[in-house]
Amino acid sequence: MGRKYRPQSGRVVQAYKFALDPNNSQEQALRSHCGAARAAYNWAVSWVTASWWQRKAEASYGIGDDELTPWRRWSLPALRKEFNRIKAADPRFADWWQENSKEAYNTGLANAATAFDNYSRSKQGKCKGPRVGIPRRKAKRKARLTCRFTIGIIRIESDGRHVTLPRLGTVRTHEPTFKLLARIQAGTARVLSATVRHERGRWFVSFQVETAREITRVLRPDVAVGVDLGIKHLAVLADSTGEIRYEPNPKHLDGALKLLRFQSRRVSRRQGPDRRVGRKPSERWEKANRERNKLHYRVANLRTDAVHKLTTRVRVEYGTVVVEDLNVAGMLRNERLARRVADAGFGEIRRQLTYKGQRNACRTVVADRWYPSSKTCSGCGAVKAKLPLRVRVFTCDVCGLVMDRDENAARNLAALAATCTTGTGAAGDQDMPGVSKPRGADHKTRHQRPGRNTGRDGRAGGATLPGQRQEEARDRRQDTEVFTLW
């Protein structure tokens, strides 16, 4: 893999994104460049995998390993050298490759090299997450239109309303660029690359800039805050001074569902595209689809704006932020909560809290995924064995504390930063002798689906016997926690 660019000391790399207003000829050139990047990517994938299938076919005929077709390298220099050798003679590129900048083809080749590197690293077990498959060709109708420029004339014009890109010329921007222009003229920013992309019917350009950023002191650097994310309230903030704040959930998608259903119904009644019979969409379908996409785009922008405002308010005030390591992918498999969880943007909130904390030289504490923040009493430390999601009020059976479960979880997260001790972080910590460990206290509450070995009521081991008394394991104290410092 290529070496990651490292900025100079005291500088960071960040992106400035602007909407474009290209004319007809410029939009046609933009689409041509993005199509060239896709064509180069598909060529690289086919060229590399062809040797794989050839070796597999030869091996099936009993040919020895020494006589098999040699492997083809997928590094960017190797792909670029081979593409430059065949582009003028290959009928797939010979007639039109000169119409676009070489950066368009380099974009596709670089993406292909990265895709093969990710596949190789995943196959060797060096990457986290699910296994990455073999790179596949990009379809014309589904591929995202994007192209990246790293060399050539990449300039922000002095009028603050135009940008200049290689082979595309000067393109007008939909919004002013004075914020980036002032940094460049002052010598505190330097443009590294520019990426054009087509999203939801509009063209955007994103400048990757190395800029100087001074560390700003937060308002309360010695105060830690626990952030408990949820659906009823987007976030409950509890700091180490005892202050509690509830951030309401905007629920932008819920507010647009009625109009979205109406727009989707209109789209379904028009004549849409059908590749099976070669049918093209009608003009009425394209118009209705643009209106529906515009509504989705507005909801996405509202959600992004709300998340940025929330994370910025938290990061400019507190020196330490404690968040949970939520299994968002698993939560999205819950058919009853998936839409609301996706609309809240839990993963994006944690990502922004992390990188905005690094800008201010503040720390972010990530609680262990199995840390029972909702089941633990914030007053005495007792841990409940079970706490269903339908129970919204936490009641401690030891000290009698009664509190909203989200507020209780936020208080526990805030206390987690103060302890700074090591341990397993689970309620069943084996390093705590003489402490009762109720079954299920070290796991999040989850629904047990009826399966082959379960009874009719979904209880493992069969249905409850008549007259059998159901008792919850008694509470115990939680004295050790674990955290991850980012």
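Provided above is the structure to which this section pertains.
Here goes a summary of the coordinates provided. (Residues numbered from 1 in each chain as written. Predicted model: local features only at pLDDT ≥ 70, side-chain atom pairs only at ≥ 80, totals over all residues. Heavy atoms only, no water.)

A few words now on the pattern of salt bridges. Scanning the model with the defined rule gives 25 salt bridges in all. Across the pair Asp-239 and Arg-220 runs a salt bridge whose closest N-O atoms are separated by 3.2 Å. Of this pair, Asp-239 sits in strand S9 (residues 233-239) while Arg-220 is found in strand S8 (residues 220-229), placing the two residues 19 residues apart along the sequence. A relative accessible area of 6% places Asp-239 in the buried class. We note a salt bridge from Asp-325 to Arg-369, for which the minimum N-O separation is 3.4 Å. You can see Asp-325 sitting in the loop between strand S11 (318-324) and helix H7 (328-331) and its partner Arg-369 sitting in the loop between strand S12 (363-367) and strand S13 (382-383), a full 44 residues away along the chain. Here the salt bridges do not stand alone but share partners, grouping Arg-220, Asp-239, Glu-243, Arg-245 and Glu-317 into one network. (Salt bridge = Lys/Arg side-chain N within 4 Å of Asp/Glu carboxyl O. Helix = DSSP H or I, 4+ residues; strand = E, 2+ residues; numbered from the N terminus. Buried < 20%, exposed > 50% of the residue type's maximum accessible area, 1.4 Å probe, protein only.)

Turning next to helix H10 (residues 405-419). Compared with an ideal rise of 1.5 Å per residue, which puts 15 residues at 21 Å, H10 spans 21 Å between its outermost C-alpha atoms and is within 8% of the ideal. Burial within H10 is extensive, with 11 of its 15 residues counted as buried. Along H10, the residues that are buried comprise Arg-405, Asp-406, Glu-407, Asn-408, Ala-409, Ala-410, Asn-412, Leu-413, Ala-414, Leu-416 and Ala-417. The N-capping residue of H10, defined by a side-chain oxygen 3.1 Å from the backbone nitrogen of Asp-406, is Asp-404. (Expected span 1.5 Å × (residues − 1). Polar contact = N/O pair within 3.5 Å; in protein donor to acceptor, adjacent residues only side chain to side chain.)

Quick look at the packing of aromatic side chains now. Per the stated rule, a full pass over the model turns up 12 aromatic pairs. Seen from their ring centres, Trp-52 and Trp-74 are 6.2 Å apart, and the 70° between their planes marks the pair as edge-to-face. In this pair, Trp-52 sits in helix H1 (residues 24-60) while Trp-74 sits in the loop between H1 and helix H2 (76-86), placing the two residues 22 residues apart along the sequence. Note on Trp-52: relative accessible area 16%, which makes it buried. Each ring, one from Phe-83 and one from Phe-93, has its centre 5.2 Å from the other, and the planes form 80°; the classification is edge-to-face. Of this pair, Phe-83 sits in helix H2 while Phe-93 sits in the loop between H2 and helix H3 (102-123); the two residues are 10 residues apart in sequence, bridging distant segments of the chain. With relative accessibility at 2%, the residue Phe-83 sits in the buried group. If you follow Lys-138 out to its NZ or CZ, it ends over the ring of Tyr-41, 4.4 Å from the centre. When the ring centre of Phe-394 is taken as origin, the NZ or CZ atom of Lys-384, which lies over that ring, is 5.9 Å away. (Phe/Tyr/Trp six-rings, centres within 6.5 Å; stacked < 30°, edge-to-face > 60°. Lys NZ or Arg CZ within 6 Å of the ring centre and 35° of its normal.)

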